[in-house]
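Listed below are the residues making up each chain.
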Amino acid sequence: MLWTLVIPLKPLTRAKSRLSDTAADGLRPGLALAFAQDTVAAALACPVVGDVAVVTDDALAGRELTALGARIVPDEPRGGLNAALTHGVTAVRAARPASPVAALNADLPALRPLELSRVLDAAAEFPRAFLADAAAIGTTLLAATPAQELLPAFGPDSRALHRASGAVELTLGGVDSVRQDVDTGADLRAALALGVGPYTAVVSAGLLIPGT
């Protein structure tokens, strides 16, 4: 079974404001793009992923991620993360109605294709399933098999919200790279310790990151 991944990405100029302790305003857009590039590249290298659709209106991100092989879906609702995901799923299912779909965060710079494959294989056993983030509060992946609505509820306390919606929480070990999203300097340190992809490695090399 080949999955279609839907990755939402807000305009780069508004991304990653919580990294202000680590990166100046002028550097954060580049970091956000690098995170997305490493996420998309790893996702496309995953053996059970057939397609990656990025929902974004950012022109630069659209060009760079298209060059990696992603499909760009314009964020027509412009109503936030969950509206973007619902719109993206509708778009990809119009082309591939029989494909299972999964929403994936755009800020997983340490993502490993084989770890992602393990998560998606486990998710295929349930109508809807999700993976909590490293902080055990949020969600980094939400999956739905064919004919199931995704019903995204990303945002504060999304782990609890997705569990309450009936999605099954996946409790796999050894998939840290799929859990480690980056919102803060501490998150970036954790991702760097796991080993980030080449785009994030280059952009983060010049940062003075506290604790490293």
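Residues numbered from 1 in each chain as written. Predicted model: local features only at pLDDT ≥ 70, side-chain atom pairs only at ≥ 80, totals over all residues. Heavy atoms only, no water.

**Focus: the overall build of the protein**
Then, number 1: Within the protein, the secondary structure is distributed over eight helices and seven strands.
Then, number 2: Its C-alpha radius of gyration of 16 Å places the protein within 12% of the 17 Å reference for a compact globule of 212 residues.
Then, number 3: On the principal axes, the C-alpha backbone points of the protein span a range of 45 × 35 × 30 Å.
Then, number 4: With 212 residues in all, the protein has 50% of them scored as buried. (Helix = DSSP H or I, 4+ residues; strand = E, 2+ residues; numbered from the N terminus. Rg over C-alpha atoms; globule rule 2.2 N^0.38 Å. Buried < 20%, exposed > 50% of the residue type's maximum accessible area, 1.4 Å probe, protein only.)

**Considerations on the nonpolar core**
Then, number 1: Ranked by internal contacts, the top residues of the largest apolar core, which has 37 residues, are Leu-5, Val-52, Leu-104, Leu-116, Leu-120 and Leu-141.
Then, number 2: Broken down by secondary-structure element, the contributors of at least two residues to this core are strand S1 (3-8), helix H1 (28-44), strand S2 (49-55), helix H2 (59-68), strand S4 (101-104), helix H4 (113-123), strand S5 (128-132) and strand S6 (139-144).
Then, number 3: Contact partners of Val-52, with chain neighbours within four places excluded, come to Leu-5, Ile-7, Val-40, Ala-43, Leu-44, Ala-70 and Arg-71.
Then, number 4: Counting residues in each nonpolar core, the second largest holds 16 residues, with Val-55, Leu-150, Phe-154 and Ala-167 among its members. (Core = buried A, V, L, I, M, F, W, Y, C linked by side-chain atoms within 4.5 Å. Contact = heavy atoms within 4.5 Å.)

**Considerations on the environment of Ala-191**
Then, number 1: Among the secondary structure elements, Ala-191 is positioned in helix H7 (residues 185-194).
Then, number 2: By relative accessible area, which is 0% here, Ala-191 ends up buried.
Then, number 3: Along the chain, Ala-191 and Asp-181 lie 10 residues apart, while their C-alpha atoms are 7.7 Å from each other.
Then, number 4: Contacts of Ala-191, omitting those with residues within four sequence positions, involve Pro-109, Ala-110, Gln-180, Val-182 and Val-196.

**What about the pattern of salt bridges?**
Then, number 1: Overall, the coordinates contain four salt bridges when judged by the stated rule.
Then, number 2: Here Asp-51 makes a salt bridge to Arg-71, at a shortest N to O gap of 2.6 Å. Residue Asp-51 is found in strand S2, and its partner Arg-71 is found in strand S3 (residues 71-73); the two are separated by 20 residues along the sequence.
Then, number 3: The closest approach of N and O atoms between Arg-78 and Asp-57, which form a salt bridge, is 2.9 Å. With Arg-78 in the loop between S3 and helix H3 (81-95) and Asp-57 in the loop between S2 and H2, the pair connects residues that are 21 residues apart, well separated along the chain.
Then, number 4: What makes Arg-78 exposed here is its relative accessible area of 67%.
Then, number 5: Taken together, the salt bridges that share partners define one network made up of Arg-159, Arg-163 and Glu-169. (Salt bridge = Lys/Arg side-chain N within 4 Å of Asp/Glu carboxyl O.)

**Structural notes on the environment of Ala-36**
Then, number 1: Of note, Ala-36 is situated in helix H1.
Then, number 2: Sequence-distant contacts of Ala-36, defined by excluding residues within four places in its chain, comprise Leu-9, Leu-65 and Ala-106.

**Points about the packing of H1 against H2**
Then, number 1: It is the contact of H1 with H2, at a shortest axis distance of 10 Å, that shows an interaxial angle of 25°. For the element pair H1 / H2, the angle class is roughly parallel. Here the hand of the crossing between H1 and H2 comes out right-handed. Along the contact surface, H1 presents Leu-33, Ala-36, Gln-37, Val-40, Ala-41 and Leu-44, while H2 presents Leu-60, Ala-61, Glu-64, Leu-65 and Leu-68.
Then, number 2: The residue inventory of the contact of H1 with H2, partitioned by class, reads nine nonpolar, one polar and one charged. (Axes fitted to C-alpha atoms, helices over the stretch in contact; angles between N-to-C directions. Parallel < 35°, antiparallel > 145°, perpendicular 65-115°, else oblique. Left-handed = near helix turned anticlockwise from the far one by under 90°. Nonpolar A, V, L, I, M, F, W, Y, C, P; charged D, E, K, R; others polar.)

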